[in-house]
Structure formats: structure tokens, C-alpha cells
Amino acid sequence: MTNKEQSPIILLGTRFLSPYIMLFGFYVIFHGHYSPGGGFQGGTLLAVSLLLVRIASGTEIASLQFKDYLATPFAALGVLIYFGTGLVAIFTGGYFLDYEQLPIPGLEAADLRYWGILIIELGIGLTVMTVLVLIYDNMVKGEDYA
Amino acid sequence: MKYLKLLIIMAFTTVLLFAASDLPYRGDADNQMNQEVSMTGTEVPGNYYIQEAYNDAHTPNIVTVILGDYRSIDTLGEQIVIFTAGLITFLLLRNRKEEEGESDDE
């Protein structure tokens, strides 16, 4: 990366804007049961809140917000959350991804499906967020290396 | 050649407009896509989704129930596609420096 002068206005502006975009991303994920939205859209908004700081202030300052080596394990963790939900449903006696068989006590079948959908949406959001950050980080590093 | 392209475009536009003039109205209750039974006599699955989605999952958004519950294996495939795309950028872009450095050392 070339060393240009960094504008404090852009730096503070993106740092001010980033938490609100992140909050809206969580709203889109958790409100996906009642309005348009879900894991893919909310994960993209979460990635935007991280990429804004990365583009404006460089990788060093942005790594205080989200470490770049955490991106790949979290992407794999998101896939494992989704796949593990299906496997738990198999081990407790149902079909693959049959949320009625999830071992959460005190809920009826329809509410178990409600919470099962929320769990997999969180897994999707985690994967989409970290993969978009991972693609940006890898492109920037490839630019440095070339 | 130019007039031939123009002629092809005009003919294709005529065909599309002729086909579009026979489309049914969107909210018409007599449409085939709004019927409970298809042309071949089998029951349409969308009928079941609209009627039973809230009772099955207590979620008002039918699209979320279809994507997350009824068709959840398809959504798992989409997530794995995105994860694979991230891993491919990891493999293509990140290891270049280390390979060049090793070859320089050797």
C-alpha cells in the first residue's frame, strides 16, 4: 500500500458510521422472520461495516476491529453451525435438518422450528460476513506481494 | 447485414408482444398458477406452504420458512458455494509470496 496522507475526517467518519451499519445488519438477520431479510443480506451488511473501515484507514488500524487471520476459521465455523444443526437432528432421531428433533427443552415443535431457522440464519450471516472480508484481505495482500 | 439485424429484432419483438398479449392478469383467481391442483391433477406444493407455513414454524414470513426449513438443504448448498469461493481466493492470492520466498531461499 502506498503511504498517502490519511484524512482524519474520513477516518472518524467511517469509525462513526461502522457500528450503525453493523447494528442494521444484526437487525436484518434477527428480523428476517417478520420482514424481508435473512442471513445473506444481513451478513453482507455486517461485511460492509467492516470493509468501510478497512478501505478508509488501511489494514493495520482495521485489524483492531477484526483480525484478518480470524476470517477463515469463522467462515468454517458458520458452515459447521449449519451442518451441525442438521447432524444434531439426525442423532436425536429425526431427518437431516429436521428442527423438530433439536434437543432444546420446554418448546413445542413449531417453536423449535422457529429457533432452528434462527440458528442457521446466524451461521449463514457469519459465513457471508467473513468470506467477503476474506476476499478483500486476500486481494490487498496479493497486491502487496506482486 | 445491418438491416438483417434490424429485421431479426423486429420479428423477435413481434413474437414476444404476441405472446405477452395472451398472458393472464396477475391477481386473477382463475389463473393456473393460483389453482390448488395443477394441470396434471397433482396438488401444488405452494398451496401447502401458504396454508401451513405459520402453523409449522410460527414465523409470519413464508419466504424465510421455505428457504430455512422446507428447502434448507438448498440453502446449505448456497452457503458452501460462498465458503468455497472464499477458500479459492485464499489459495490463489495468499500463498504467492511464500512460494516465491521459498524458491528464492533455495
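Cut-off values and rules
Residues numbered from 1 in each chain as written. Chains lettered and ligands numbered in written order. Predicted model: local features only at pLDDT ≥ 70, side-chain atom pairs only at ≥ 80, totals over all residues. Helix = DSSP H or I, 4+ residues; strand = E, 2+ residues; numbered from the N terminus. Buried ≥ 20, exposed ≤ 12 C-beta atoms within 10 Å, placed from the backbone. Contact = placed C-beta atoms within 7 Å. Nonpolar A, V, L, I, M, F, W, Y, C, P; charged D, E, K, R; others polar. Axes fitted to C-alpha atoms, helices over the stretch in contact; angles between N-to-C directions. Parallel < 35°, antiparallel > 145°, perpendicular 65-115°, else oblique. pLDDT = per-residue confidence, 0-100. Core = buried A, V, L, I, M, F, W, Y, C linked by C-beta atoms within 7 Å. Expected span 1.5 Å × (residues − 1).

### Focus: the overall build of chain A
Helix and strand counts for chain A stand at four helices and zero strands. For chain A, the sequential pattern of α-helices and β-strands runs α-α-α-α. Taking the principal axes of its C-alpha atoms as reference, chain A extends roughly 60 × 30 × 20 Å. A buried classification covers 36% of the 146 residues belonging to chain A. Considering only residue pairs separated by 6 or more positions, chain A has 63% of its internal contacts joining residues 24 or more positions apart.

### Some remarks on the overall build of chain B
Across its full length, chain B holds five helices and zero strands. Seen in sequence order, chain B has helices and strands lined up from the N terminus as α-α-α-α-α. Across the 106 residues in chain B, those meeting the buried criterion constitute 15%.

### Digging into the interface of chain B and chain A
Between chain B and chain A, the residue contacts involve 26 residues of the former and 30 residues of the latter. Of all the secondary-structure elements, those providing two or more residues to the side of chain B that touches chain A are helix 2 (45-57), helix 3 (62-70), helix 4 (72-94) and helix 5 (96-105) of chain B. Per-element accounting of the side of chain B that touches chain A gives the leading share, 13 residues, to helix 4 of chain B. For the side of chain B that touches chain A, the residue count by class is 11 nonpolar, 10 polar and five charged.

### Looking at the environment of A:Leu77
In this structure, A:Leu77 sits in helix 3 (residues 71-91). Counting along the chain gives 61 residues from A:Leu77 to A:Asn138, while the straight-line C-alpha distance between them is 19 Å.

### Brief notes about the packing of helix 2 of chain B against helix 3 of chain B
Residues and elements named next belong to chain B. In the contact formed by helix 2 and helix 3, the axes pass within 10 Å of each other and the chain directions differ by 70°. In terms of axis orientation, helix 2 runs roughly perpendicular to helix 3. Mapping the contact onto sequence places Tyr49, Ile50, Ala53, Asp56 and Ala57 in helix 2 and Ile62, Val65, Ile66, Asp69 and Tyr70 in helix 3. Split into classes, the residues belonging to the contact of helix 2 with helix 3 amount to eight nonpolar, no polar and two charged.

### Remarks on the confidence of the model for chain B
Interpreting fine coordinate detail is not advised for predicted regions of low pLDDT. This prediction gives chain B a mean pLDDT of 85; 88% of its residues lie at or above 70. Confidence, expressed as mean pLDDT per element, reaches its minimum in chain B at helix 5 of chain B with 51 and its maximum at helix 1 (residues 2-20) of chain B with 95.

### Some words on the nonpolar core
Counting 32 residues, the largest nonpolar core has A:Ala47, A:Leu50, A:Val128, A:Met129, A:Val131, A:Leu132 and A:Val133 as its most contacted members. Mapped onto this core, the elements with two or more residues apiece are helix 1 (8-30), helix 2 (39-62), helix 3 and helix 4 (109-145) of chain A together with helix 2 and helix 4 of chain B. If one sorts the elements of this core by residue count, helix 4 of chain A sits on top with 12 residues. Those residues in contact with A:Val131, other than ones at most four positions away along the chain, are A:Ala75, B:Ile82, B:Phe83, B:Ala85 and B:Gly86.

### Side note on unusual backbone geometry
Positive phi outside glycine occurs at A:Leu97, with the angle close to 60°. Relative to the helices and strands, A:Leu97 resides in the loop between helix 3 and helix 4. Take A:Leu97: there are 23 C-beta atoms within 10 Å of it, and that puts it in the buried class. Backbone geometry at B:His58 places phi at a positive 55°, although glycine is not the residue there.

### Some words on the packing of helix 1 of chain A against helix 2 of chain A
All names here are of chain A. Contact geometry for helix 1 and helix 2: axes closest at 8 Å, N-to-C directions at 170°. Taken together, the axes of helix 1 and helix 2 are roughly antiparallel relative to one another. Looking at the contact of helix 1 with helix 2, its residues break down into 15 nonpolar, eight polar and one charged.

### Digging into helix 3 of chain A
Residue and element names in this part refer to chain A. Here helix 3 is 21 residues long and its end C-alpha atoms lie 30 Å apart, about the 30 Å a rise of 1.5 Å per residue gives. Considered for burial, the residues of helix 3 that qualify are Ala71, Ala75, Gly78, Tyr82, Thr85 and Ala89. At the C-terminal side of helix 3, Gly93 shows a positive phi close to 105°.

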